[in-house]
Structures are given as C-alpha cells and as structure tokens.
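In case you want the letters, here they are:
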Amino acid sequence: MQKGSVLVTGGAGYIGSHAVLALLDAGWPVVVVDNLVTGFAWAVDPRATLIQANIEDDAAVRAAMRAHDVCAVMHFAGSVVVPESVSDPLKYYRNNTVASRALIESAVACGVSHFIFSSTAATYGIPDQVPVSEDSPTRPINPYGMSKLMTEAMLKDVAAAHPMNFCALRYFNVAGADPLGRSGQSTAGATHLIKVAVEAATGKRDHVGIFGTDFATPDGTGVRDYIHVSDLAAAHVHALDLLIARPGDSHIMNAGYGRGYSVNDVLDAVDRVTNRTIDRRYQGRRAGDPDALVADNSAILATLPWRPQLDDLDTIVGHALAWERKLAEQAEPQRQS
Ligand code: UDP
C-alpha cells in the first residue's frame, strides 16, 4: 500500500518532468519543488502540485513535506552543463552539492524515509574499462561529476545515521521524449548530441559538428550509451518501490542500456528517421570527452524488475524529433505561459 506523496525537485525540468509523469501514471501523489530557473511551469503535469522555490529554502521545502505527507524525495534539481562546471565550479558545488545538503537535511528533519538521487556516469571520469560497472573507481574529471559524487557520499553517510534509505542512479546519456508527447527536452542552448541533431533536422541549426574522429572506437567518433528518458523515469518508480519494500538497503546503480552508439550511428539514425541528410562537419575533440562510455547495467537489471521498453535508437530519435517539432510549432504560446 502506498503511503504519502513523493516530492520531486526539478520536476519542471527535462528528466524530472518525465519522472513526474511516471509517478502520476503509477498512482503516486506528486509535489514538485522547482525554482523555474531552467525548468518550465507548463512542463509539470497539472495532476501534480507545483511549488516555486529553491531546494535550499528550508521553510518552503519543509512546509511542502509536512503539508503533503511526503514519504520520498526524488531529487533532480541541479546544474547540468559540464563545460560550465569547469568555468564556474562554485556554481556547481553550490547548486548541486550545497543545495543537496540542505534538501537532505530537510528530508531528515521531516522524517522522509526514502531518497532517490539523479547521479551521473560523470562520477567515473574516464573509465579504465567499458562497460563500466558501479565498483569502478570514481574519478570525476570535471566539477559537475564531483559535485554529484559528493552528494552520493552525503547520502551514504546520512542513510547510515538516520532512518532513511537511498538510491542513486548514475545516468548515462539521456535522450528522447515522452512517447505520448507530454514532455521533452525544452532547454534552450542545449549541447547534447541528440538534441543538437534534431534541432538541425528541424532547421534550427544548419549543421552538426562531430567532436573528434580519432577516438579508439570502431568509426573513430565517440561512443555513448543513450537511454530513453521515459525508460529512465520508469526506473525511478521501480527504485522507489524497492526502497519501500527493503527499508534497510540503499543502492547506487548505473542507468543505461549497456550498449553504445557512435556519433555517426546517432546521425545515421536521424537521417533515417527524417529521410534527410544532416550536414555533418568534422571538428576537433571537445575537452575531456572519453572515447566510450557504456554502462554495465547488470546491477539494475538484477535489482529492479525494470526492463527497458524503448531501447531502440530510432525510437529515441523519433521521440526527440516529435518533441522538437512540437516546440517549434508552439514556440509562441510557450514563451507566453
Ligand atoms: N557530440 C558531437 N557533437 C555535438 C555534441 C556532442 O560530436 O554537437 C559528441 C560528444 O563528443 C560525445 C557524444 O557526442 O562523443 C555525446 O555527447 P553529449 O554532449 O551528448 O553527452 P556527454 O557524453 O558529453 O555527456
């Protein structure tokens, strides 16, 4: 039996808004706390309650936890642009680490039993081995990855000291959009490959730069493990069920499909789905990009009943493209709301 509701931080953002949909679809009451700096109020399903506040606003967060009888937190709020974390590291340690500390403290103070955290494969840095498993060394190569790793460390210590368990999911490359067209990646100035590619496919950009062709991969371009955002959201709901069923156990698990695609594979998929040819411009490497980053996902498959439903590159690209077209059509109403 479900008790209480789930507080979702960053629920107006890309992954958070999909988690909100997955929770609501599973019957959970949801309260979103989002400062709407990068998120959008319209991205929050109207079945959820939206509170516009910073997560380190203890009064607002604790009032929400008490008023909504919150039993679990899903924490997505944070800053996510890796190059920006290099140029402005203190922003990342504030928004991701310090703010998470405040949120965790509020959760403890309000007796919240379960905490699910959006972590990242960036905690591994450049892995010695691919696929990378959870027991690989964590050596982040940028402040973004370190700021998330520090939050994992806080959660481990807090779960040992207080009646709260946690699950940190280390995301690989999240892409795609809700298959029903209810949400998608809406942030302006996105840098992620599939978003950039569908922007090119809809005419918002005139080309896609390929960052490096001399990697130790079959075609020389970078290989990544692209996971559909709705599969990822579903994994969070399963993780919550597990935390409730086994309150003594906490988990850190990779969230990926366990197979990699190169930049050229992704752009081939976009060409296939659109039946057009994107202009590819071969450029030099971007600083800090590993050759290949692919999840060993045996832990999540063994621990959760989660099974990928949308593990197909053309499906991921197709959903991203459908959302991009919707954004282009609705650009005006979105700016007004
Ligand atoms: N990439 C690219 N052109 C772009 C954006 C990304 O060639 O415009 C490459 C990048 O070098 C990496 C892969 O695509 O090999 C995925 O990059 P993304 O920024 O999407 O995610 P990351 O793996 O860096 O988190």
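Residues numbered from 1 in each chain as written. Predicted model: local features only at pLDDT ≥ 70, side-chain atom pairs only at ≥ 80, totals over all residues. Heavy atoms only, no water.

Draft legend 1. Geometry of the packing of aromatic side chains. A full pass over the atoms with the stated rule returns three aromatic pairs. Note on Phe40 and Trp42: the rings are 5.0 Å apart at their centroids and 25 degrees apart in plane angle, and the pair reads as stacked. The exposure class of Phe40 is partly exposed, given its relative accessible area of 27%. Relative accessible area serves as the criterion here: at 27%, Trp42 is assigned to the partly exposed category. (Phe/Tyr/Trp six-rings, centres within 6.5 Å; stacked < 30°, edge-to-face > 60°. Buried < 20%, exposed > 50% of the residue type's maximum accessible area, 1.4 Å probe, protein only.)

Draft legend 2. Geometry of the sheet that holds strand S9 (residues 223-224). An order of S12-S9-S14 is seen for the three strands of this open sheet, with the pairing classed as mixed. Of all strands in the sheet, those bounded by a partner on one side alone are strand S12 (261-262) and strand S14 (292-293). Bridge analysis of S9 against S14 gives two bridges, and the strand direction is parallel. Each residue of the ladder has a partner; that of Val223, found in S14, is Ala292. (Pairing = 2+ DSSP bridges. Helix = DSSP H or I, 4+ residues; strand = E, 2+ residues; numbered from the N terminus.)

Draft legend 3. Seen up close, the site of the ligand. With respect to spatial proximity, 14 residues lie near the ligand, and among them Leu193, Gly209, Arg224, Arg286 and Asp289 are the closest. In the model, an oxygen atom of the ligand is placed 2.9 Å from a nitrogen or oxygen of the Asn173 side chain. A total of three residues in the shell around the ligand trace back to one element, the largest contributor, which is strand S8 (residues 208-211). Considered class by class, the residues forming the shell around the ligand number six nonpolar, five polar and three charged. (Near = heavy atom within 4 Å. Polar contact = N/O pair within 3.5 Å; in protein donor to acceptor, adjacent residues only side chain to side chain. Nonpolar A, V, L, I, M, F, W, Y, C, P; charged D, E, K, R; others polar.)

Draft legend 4. Helix H1 (residues 14-25), seen in detail. Helix length check: H1, at 12 residues, gives a terminal C-alpha distance of 17 Å against a target of 16 Å (1.5 Å per residue), a fit within 8%. Taken across its 12 residues, H1 has 11 buried, putting it largely inside the fold. Those residues of H1 that sit buried are Tyr14, Ile15, Gly16, Ser17, His18, Ala19, Val20, Leu21, Ala22, Leu23 and Leu24. Close packing links the buried residues of H1 with strand S1 (5-9), strand S2 (30-34), strand S4 (70-75), strand S6 (165-171), strand S7 (173-175) and helix H7 (229-245). Phi turns positive, to about 95 degrees, at Gly27, one or two residues after H1. (Expected span 1.5 Å × (residues − 1). Contact = heavy atoms within 4.5 Å.)

Draft legend 5. Expanded view of the pattern of salt bridges. Using the criterion set out here, one finds 21 salt bridges in the structure. Between Arg272 and Asp314 there is a salt bridge; the shortest N-O distance is 2.7 Å. Of this pair, Arg272 sits in helix H8 (residues 263-274) while Asp314 sits in helix H10 (residues 313-329), and the two are 42 residues apart along the sequence. Looking at Asp314, the relative accessible area reads 26%, which means it is partly exposed. Among the ionic pairs, Asp279 bridges to Arg281, the shortest N-O distance being 3.0 Å. What makes Asp279 partly exposed here is its relative accessible area of 34%. (Salt bridge = Lys/Arg side-chain N within 4 Å of Asp/Glu carboxyl O.)

Draft legend 6. Up close: the sheet that holds S4. Read from one edge to the other, the open sheet built from seven strands follows the order S3-S2-S1-S4-S5-S6-S11, with strand pairing classed as parallel. Pairing within the sheet leaves two strands with one partner each, and these edge strands are strand S3 (49-52) and strand S11 (251-255). Going across the sheet, the axis of each strand differs from the next one's by a mean of 20 degrees, ignoring polarity. Relative to the sheet, helix H5 (residues 143-161) contacts strand S5 (114-120), S6 and S11, its axis offset from that of S5 by approximately 155 degrees. (Axes fitted to C-alpha atoms, helices over the stretch in contact; angles between N-to-C directions.)

Draft legend 7. Summary view of helix H2 (residues 58-67). The complete set of buried residues in H2 reads Val61, Ala64 and Met65. Buried residues of H2, seen end-on, are gathered within an arc of 100 degrees and therefore sit on one face of the element. In H2, those exposed residues whose orientation departs by more than 90 degrees from the buried face are Ala59, Arg66 and Ala67. Following H2 by one or two positions, Asp69 has its phi on the positive side, about 50 degrees. (Arc of directions from axis to C-beta.)

Draft legend 8. Fine view of the pairing of S1. For S1, the tally of buried residues reaches five of five residues, placing the bulk of the element in the interior. Because side chains alternate across S1, one face comprises the buried residues Ser5, Leu7 and Thr9, and the other comprises Val6 and Val8, equally buried. In this fold, the crossover linking S1 to S2 by way of H1 has right-handed handedness. (Right-handed = clockwise from strand over helix to strand, strands pointing away.)

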